[in-house]
Amino acid sequence: MSGATAAPGSVRKKAAAAGPKTRAKRAVVAPDLLEQSLAIITASLDDDKAENIVVIDLAGRASFADRMVIATGLADRQIAAMAQHIERKLRDIGIKRVLVEGANGSDWVLLDTGDIVVHLFKPESRELYGLEKMWGAELDDSNEESVTRL
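Structure report, in brief. Source: prediction; values computed, not measured.

The rules behind each value
Residues numbered from 1 in each chain as written. Predicted model: local features only at pLDDT ≥ 70, side-chain atom pairs only at ≥ 80, totals over all residues. Heavy atoms only, no water. Helix = DSSP H or I, 4+ residues; strand = E, 2+ residues; numbered from the N terminus. Buried < 20%, exposed > 50% of the residue type's maximum accessible area, 1.4 Å probe, protein only. Contact = heavy atoms within 4.5 Å. Areas by Shrake-Rupley, 256 points an atom, 1.4 Å probe, with all protein chains shown as cover. Salt bridge = Lys/Arg side-chain N within 4 Å of Asp/Glu carboxyl O. Polar contact = N/O pair within 3.5 Å; in protein donor to acceptor, adjacent residues only side chain to side chain. Lys, Arg positive; Asp, Glu negative; His and termini not counted.

**Considering the overall build of the protein chain**
From N to C terminus, the protein chain includes 5 helices and 6 strands. Secondary structure elements in the protein chain, listed N-terminal to C-terminal, are α-α-β-β-α-β-β-β-α-α-β. Within the protein chain, the fraction of its 150 residues that count as buried is 37%. Here the contacts in the protein chain between residues at least 6 apart in sequence split such that 59% fall between residues at least 24 apart. Counting only carbon and sulfur atoms, one obtains 54% of the accessible surface of the protein chain, whose full area is about 9,800 Å².

What follows is the structure in structure tokens.
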């Protein structure tokens, strides 16, 4: 160990002192692909008998997505099937990276396509989390056309 001197502090302390890394901004998607994906998602949910489908426009309000779709399913199997159908239909048009969380029989399944985030809830969970209230038009009085109920 001749001449080897280490800087004081642990790796975690050094990382904390360096600060957060800057994240790359999300690439802008073509409007036609966004609308095509949204149409496929809402049509698939309608075909699968989803209830109370809501589309919220997040453009300019959130950095993680441009649209949010919220729908209700009555049973775990129905919600899991809706998620599988959406994932398969998006794969057919070339959207390969759809992240799915909670598809193993939970009250809330999340699909993240990058530009559209889809939340599939059981009725009790949807009421509990209240995403429409959090992201809906009530938040911005000037942006009432941002929520579309199907």
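Text resumes after the structure shown.
**Some words on the pattern of salt bridges**
By the definition in use, this model includes 5 salt bridges. Among the ionic pairs, Lys-122 bridges to Asp-107, the shortest N-O distance being 3.7 Å. Residue Lys-122 is located in the loop between strand S5 (116–121) and helix H4 (123–129), and its partner Asp-107 is located in the loop between strand S3 (99–101) and strand S4 (108–112); the two are separated by 15 residues in the primary sequence. Given a relative accessible area of 34%, Asp-107 falls into the partly exposed group. Between Arg-126 and Glu-132 there is a salt bridge whose closest N-O contact spans 2.3 Å. Neither residue differs from the other here; Arg-126 and Glu-132 are each classed as buried.

**Examining unusual backbone geometry**
Positioned with a positive phi, Lys-49 is a non-glycine residue whose angle comes to about 65°. Note that Lys-49 resides in the loop between helix H2 (31–47) and strand S1 (51–57). The backbone phi angle of Asn-52 is positive, close to 50°, even though this residue is not glycine. Along the chain, Asn-52 falls in strand S1. The exposure class of Asn-52 is partly exposed, given its relative accessible area of 44%.

**Side note on the side chain of Arg-126**
Its location among the elements puts Arg-126 in helix H4. The exposure class of Arg-126 is buried, given its relative accessible area of 6%. Polar side-chain contacts of Arg-126 include one of 2.7 Å to the backbone oxygen of Asn-52. Contact partners of Arg-126, with chain neighbours within four places excluded, come to Glu-51, Asn-52, Val-54, Ile-70, Ala-71, Thr-72, Phe-121 and Glu-132.

**Some details on the side chain of Asp-48**
One can find Asp-48 in the loop between H2 and S1. Buried Asp-48, no salt bridge; nearest opposite-charge side chain is Lys-89, N-O distance 5.7 Å. Residues contacting Asp-48, with those up to four places away along its chain left out, are Gln-78, Ala-81, Met-82 and His-85.

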